[in-house]
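Coordinates in review
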Amino acid sequence: MHEKDIDNFYALLTDWWQSQIIRHLEEKAKTPITQQAVRAKIQRLRDEFSSRNLPIHFRDKEPPFPPEVTRGKVQFVKQLEVIQAMRDIEDAKRDYIKAAAERHEWEKTEPLIGAELENYEKRLRDHWKRIRNLQLDMFELDKAIDKADEPELRKLGLGLYQEIRKLNIPIRV
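Structural notes, computed from the coordinates. (Residues numbered from 1 in each chain as written. Predicted model: local features only at pLDDT ≥ 70, side-chain atom pairs only at ≥ 80, totals over all residues. Heavy atoms only, no water.)

1. Section: unusual backbone geometry
Using the following cut-off: What counts as a helix is a DSSP run of H or I of at least four residues, what counts as a strand is a run of E of at least two, and both are numbered from the N terminus. Three exposure classes are used, based on accessible area relative to the maximum for each residue type with a 1.4 Å probe and protein chains only: buried under 20%, partly exposed in between, and exposed over 50%.
The phi torsion at Lys-28 lies on the positive side, around 50°, for a residue other than glycine. Structurally, the position occupied by Lys-28 is in the loop between α1 (6–26) and α2 (35–48). On the basis of relative accessibility, which here comes to 67%, the residue Lys-28 falls in the exposed class. Despite not being glycine, Gln-84 shows a phi value in the positive range, around 60°. The class for Gln-84 is partly exposed, based on a relative accessible area of 47%.

2. Observations concerning the packing of α1 against α2
Here is the rule: Whenever a helix is involved, its axis is fitted only over the stretch in contact; in every case the axis is a line through C-alpha atoms, and angles between N-to-C directions fall within 0 to 180 degrees. In this scheme, a crossing is called left-handed if the near helix is turned counterclockwise away from the far one by less than a right angle; it is called right-handed if the turn is clockwise. It only takes one pair of heavy atoms within 4.5 Å for two residues to be counted as in contact. We call Asp, Glu, Lys and Arg charged. Ala, Val, Leu, Ile, Met, Phe, Trp, Tyr, Cys and Pro are nonpolar, and the rest, Gly among them, are polar.
Contact geometry of α1 with α2 gives a least axis separation of 11 Å together with a crossing angle of 145°. Between α1 and α2 the crossing geometry is right-handed. Here Phe-9, Leu-12, Leu-13, Trp-16 and Trp-17 of α1 lie close against α2, whose contacting residues are Ala-37, Val-38, Lys-41, Ile-42, Leu-45, Arg-46 and Glu-48. Of the residues in the contact of α1 with α2, the class split is nine nonpolar, no polar and three charged.

So this is what it looks like as structure tokens:
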């Protein structure tokens, strides 16, 4: 863990401990808060603050500012509407807002984050392209893409969206 992260680590551990105590008292719990639970929390926080990970500022709270996604239609919202993934739009907006806020925080505290994010976005695009190409190849085994009707294209888009949602690509490798 870096020296600059110690205060944040301590604040997160203290917040967790206070919430455990409050919950424990409010529920009049009979079982104690164990040393094992405290050790497990410390281990999870230590893992989170490893040099391979970036700090997460907005895991359990909302970012302090709403970016452009709350005011208008951005590209990903239009794409979700086209494939009629309407139930996911609000979650996608929330995720986007949190990601934008995290990037903003990282740019303030992480010296070389710009280059890391550029490389990350290249890896994302490469993975997306590979999945898209595979989906298109599978679709075209059944029917040529230029002969597809709207419901078929929507189904193709939803399949692509579903596969992309499964990706778990770290920023730092």
